[in-house]
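Letter by letter, the chains look like this.
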Amino acid sequence: MIHDNIEKSELMLFGIPASPGIAHGPVFRFLHDEVRVATYEVSESDQEEEINRFLEALEMTKSEIRTIREDVAKNLGEKEAGIFDAHMLVLEDRALIEDVKKEVRESGENVEKCVHRVTEKYLAFFDQLEDKYLRERAVDLRDISRRLQRCLSGTTASGTAFFDVPKVLVSEDLTPSDTAALDRSKVLGIATDLGGQTSHSVIMARASGVPAVVGLRGLTDKLSEGDELLIDGFEGVAIINPSETTLFRYGKVDVQRKKLLNLVDEEGELPAETADGKPLKIWANADTPPEVKKALGAGCLGVGLYRTESLFLKTNSLPSEDDQYEEYLRMVEASEGKQITIRTLDLGGDKLLEGWNHQKEANPFMGFRAIRYCLSNPKIFLDQLQAILRASAHGDVRIMLPMISGIGEVIRTKELIEEAKSILDLRKQSYDPNIKVGCMIETPAAVAICDLLAQESDFFCVGTNDLVQYLLAVDRVNNEIAFLYEPHHPAVLRSLKKVAEVANKQGLPVTVCGEIAGDPHFLPLLIGLGFDSFSASAAMVPELKFFARRFSMDEVEDVTQNAESKFRPSEIKELIKDFYESRIAQAV
Ligand code: PEP
Ligand code: MG
């Protein structure tokens, strides 16, 4: 029983800062994949009540699906919304409904357990089928089963369409597709038990300016009904039921932050350059037309990284060439003639299509991912290349290849691009015949052979999120070792310097596009290592520009030399943090 008059005590947990900002509010517990199924016995006299609960949950689930369908139709189109018609069919399936009722009457157990047992029986049947269409029905059934369980348990409605007031979203972990489905206007902040700083769901949170803390082990188990949560996305702290004093303290931090953001806003129109006028090229990492618009409004030169897998994850499908073309065209048009770098599909790692029977891998980030997946599925790859090429007829498009670890991958892809061009020629469809093709430098192998890759590339883009994980052998989403994920590591600095040197020597445009490119702390150091082009979430761009105007190239040199003389990542981290804070303190 909850006694409202007893003040709940404050509990502080430490995790990993993932997206800057302070958030405070009621908790929304987001359950995904594994819904815990309660099990208990139900007397015969209560069985009809159990069945009624089931029928009510069916209605609630239908209403959820209808709302989601409307949202998807509005935001993505009628065709994508059609996916949810199949969900409705499952919810109206008489055989399934009758099976659950029968199970309640025969087993004497609660309806959650009975729904679980019946759907698992159906799923086991679907799983063994070869037929792709029927397997896709299994995905619908799995989704429906989760939604039903959530409605029955009353802990959450799935998605955030049903928030009445904005809340702090708490989950064991969030997949990129969970995050894609969130209504961001209702999410104050995100806190998860698991996850790392550069997991793709965190990147999406950062892109939308939502504060986030991850790796807060055990947080979900420590929360009870009615709890409030404060999260500090700068320091990686979460406080359950913060006291008045804590709220006051964080209120002050928040005020300081708002003051800084106001100043940043006032300077929004100023160019991207250092205090002594060294120009910087700032691009945006953007996956949707509204993000592109926001980026152009923030003064970005164009889109430096468009992660096309976002489309695949959003629809949980492999979209056809035409569907992809339409989406890429929307992105190109939103770019208003400015350059847009479209990265080919980077599925795998933590980005999997739900229910698509991806083979289980012991080391998914080192496995069947990105360019490897595409080159093994030439039909899927050609569809995408054709779609990108067609979009290139309407703007300044470049193609970028993820996870390159050998020159053969680049050469083979360029052959496929030529093949795609011939197909378009036959179809009399236009494209940019001189489209530029570049590599992501995000594996240690790519760093080691960047001089060779340069000969086959029109540009480089350094993906530090992956480069850090592969260089330091630290899985970017494993919170057990998150403390070892150190972008400040001397090994990272040395690798970055080498790439910048080679690219600059060969006159090859090079951009840094991992998360550190959007972190102002890193800016002087990256400039000092030889970069002048950065691609970051549009949300971070005004702050980057603001900070750039607060130091000169002499200071860049000092900071960089100093950092290069340090042995430990923690010393380098401290050094750039101190530099950042001293300059910001002078400004605010
Ligand atoms: C990177 O690895 O730094 C990068 C930009 O790509 P992603 O985060 O999508 O792997
Ligand atoms: Mg990457």
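For every chain, the first residue of the written sequence is number 1, and numbering continues from 1 along that sequence. Just so you know, chain letters begin at A and ligand numbers begin at 1, following the order they were written in. For a predicted model such as this one, the threshold for reporting local features is a pLDDT of at least 70, and the threshold for listing and counting side-chain atom pairs is 80 or more; totals across whole chains, interfaces and linings nevertheless cover every residue. Only hydrogens and water are set aside; all other atoms, that is, all heavy atoms of the structure, feed into the side-chain values.

Enquirer: Is there a simple way to explain the pattern of salt bridges in this structure?
Expert: Side-chain pairs of opposite charge can arise whenever the charged atoms involved come near each other. Any Lys or Arg side-chain nitrogen located within 4 Å of an Asp or Glu carboxyl oxygen qualifies as a salt bridge. Tallied over the full model, the rule gives 34 salt bridges. A salt bridge links Glu 98 to Arg 94; the nearest nitrogen and oxygen atoms lie 3.3 Å apart. In this pair, Glu 98 and Arg 94 both sit in helix H4 (residues 94-107), four residues apart, roughly one turn of the helix. Each residue's exposure class comes from its accessible area (1.4 Å probe, protein chains only) as a fraction of the maximum for that residue type: buried when under 20%, exposed when over 50%, partly exposed otherwise. Judged by relative accessible area, Glu 98 falls into the partly exposed class, the value being 36%. Taking the relative accessible area as the measure of exposure, Arg 94 reaches 53% and is therefore exposed. A run of H or I in DSSP counts as a helix once it spans at least four residues, and a run of E counts as a strand once it spans at least two, with each numbered from the N terminus.

Enquirer: Looking at this structure, I do not really get the packing of aromatic side chains. What am I missing?
Expert: Centre-to-centre distance and the angle between the planes together describe a pair of aromatic rings. Between the rings of Phe, Tyr and Trp (Trp by its six-membered ring), a pair exists once the centres lie within 6.5 Å; its type follows the angle of the planes, with under 30 degrees stacked, over 60 edge-to-face, and the other angles tilted. Inspection of the entire model under this criterion finds six aromatic pairs. Plain terms: the ring middles of Tyr 306 and Tyr 328 are 5.9 Å apart, the flat faces sit at 80° to each other, and that makes the pair edge-to-face. Separated by 22 residues along the polypeptide, Tyr 306 in strand E10 (residues 303-307) and Tyr 328 in helix H13 (residues 321-334) bring together distant segments of the chain. The exposure classification of Tyr 306 matches that of Tyr 328, with both residues buried. With a centroid separation of 4.8 Å and an interplanar angle of 65°, the aromatic rings of Phe 547 and Tyr 580 are classed as edge-to-face. Placement of Phe 547 in helix H22 (residues 541-548) and of Tyr 580 in helix H24 (residues 569-587) is noted, with a sequence separation of 33 residues between them. The residues Phe 547 and Tyr 580 share a single accessibility class, namely buried. Of the aromatic side chains, those joined through ring pairs into one cluster are Phe 547, Phe 551, Phe 579 and Tyr 580. The ring of Tyr 325 carries the charged tip of Arg 390 above its face, separated from the ring centre by 4.2 Å. Note on criteria: charge over ring means Lys NZ or Arg CZ within 6 Å of the ring centre, with the direction from the centre no more than 35 degrees off the ring normal.

Enquirer: Is there a simple way to explain the nonpolar core in this structure?
Expert: In this text, buried Ala, Val, Leu, Ile, Met, Phe, Trp, Tyr and Cys residues form a nonpolar core when linked through side-chain atoms within 4.5 Å. Grouped together as the largest cluster of nonpolar side chains are 102 residues, with contacts concentrated most on Tyr 328, Phe 460, Leu 496, Phe 531 and Phe 534. Of the residues forming this core, the biggest block, eight residues, is contributed by helix H15 (residues 378-392). With residues up to four places along the chain from it excluded, the contact list for Leu 496 reads Val 462, Thr 464, Leu 467, Ile 516, Leu 526, Leu 529 and Phe 531. Counting residues in hydrophobic clusters, the runner-up holds 27 residues, among them Ile 65, Phe 126, Ile 144 and Leu 152. Only heavy atoms matter for contacts: two residues are in contact if any of them lie within 4.5 Å across the pair.

Enquirer: I'm lost on helix H16 (residues 407-427) in this one. Help?
Expert: In an α-helix, one turn spans 3.6 residues; hence positions three or four apart end up facing the same way. Given a helix with a known number of residues, its expected span is that number minus one, times 1.5 Å. With 21 residues, H16 extends 31 Å from end C-alpha to end C-alpha; this agrees with the ideal 30 Å at 1.5 Å per step. For H16, the full list of buried residues reads Glu 409, Val 410, Thr 413, Leu 416, Ile 417, Ala 420, Lys 421 and Leu 424. For H16, the angular spread of buried residues about the axis comes to 150°, placing them on one side. Summarising the contacts, the buried residues of H16 are in contact with H13, helix H14 (370-376), H15, strand E12 (396-401), strand E13 (436-441) and helix H18 (450-456). Immediately downstream of H16, the backbone of Lys 428 shows phi near 60°, a positive value. Throughout, the arc means the angular range of directions from the helix axis out to the C-beta atoms.

Enquirer: Explain unusual backbone geometry to me, please; I cannot follow it from the model alone.
Expert: The phi torsion of most residues other than glycine is negative, and most of the peptide bonds are trans. Here the phi dihedral of Asn 241 falls at roughly 45°; this positive angle occurs in a residue that is not glycine. Mapped onto the fold, Asn 241 is located in the loop between strand E8 (237-240) and helix H10 (244-266). For Asn 241, a relative accessible area of 12% corresponds to the buried category. Backbone geometry at Met 403 places phi at a positive 60°, although glycine is not the residue there. Structurally, Met 403 can be placed in the loop between E12 and H16.

Enquirer: Which parts of the structure should I look at to understand the coordination of the magnesium ion (ligand 2)?
Expert: Four donors placed tetrahedrally around a metal ideally meet at 109.5 degrees, and six donors placed octahedrally ideally meet at 90 or 180 degrees. For Na, K and Ca the donor cutoff is 3.2 Å, while for all other metals N, O and S atoms count as donors only within 2.8 Å; water does not appear among the atoms, so some sites may look incomplete. Coordination of the magnesium ion (ligand 2) by the protein involves Glu 442 (OE) and Asp 466 (OD), with metal-donor separations of 2.0 to 2.1 Å. Here the residue Glu 442 occupies a position in the loop between E13 and helix H17 (444-448), and Asp 466 occupies one in helix H19 (residues 464-472), the gap between them amounting to 24 residues. With a relative accessible area of 1%, Glu 442 lands in the buried category. Under the relative-accessibility criterion, Asp 466 is labelled buried at 3%.

Enquirer: Explanation requested: a negative patch on the surface in the structure shown.
Expert: Two joining distances apply to patches: 9 Å for like charges and 5 Å for nonpolar side chains (Val, Leu, Ile, Met, Phe, Trp, Tyr), and every residue must have over 30% relative accessible area and no salt bridge. Note on areas: these come from Shrake-Rupley sampling with a 1.4 Å probe, and a residue is covered only by the protein chains present in the view. Charge assignment in this entry is limited to Lys and Arg as positive and Asp and Glu as negative, and neither His nor the chain termini are counted. Where a charge sits is defined by one atom per residue type, namely NZ (Lys), CZ (Arg), CG (Asp) or CD (Glu). Among the surface-exposed residues, Asp 276, Asp 554, Glu 557 and Asp 558 lie close enough to one another that they form a single negatively charged patch. Of note, Asp 554 is situated in helix H23 (residues 553-564).

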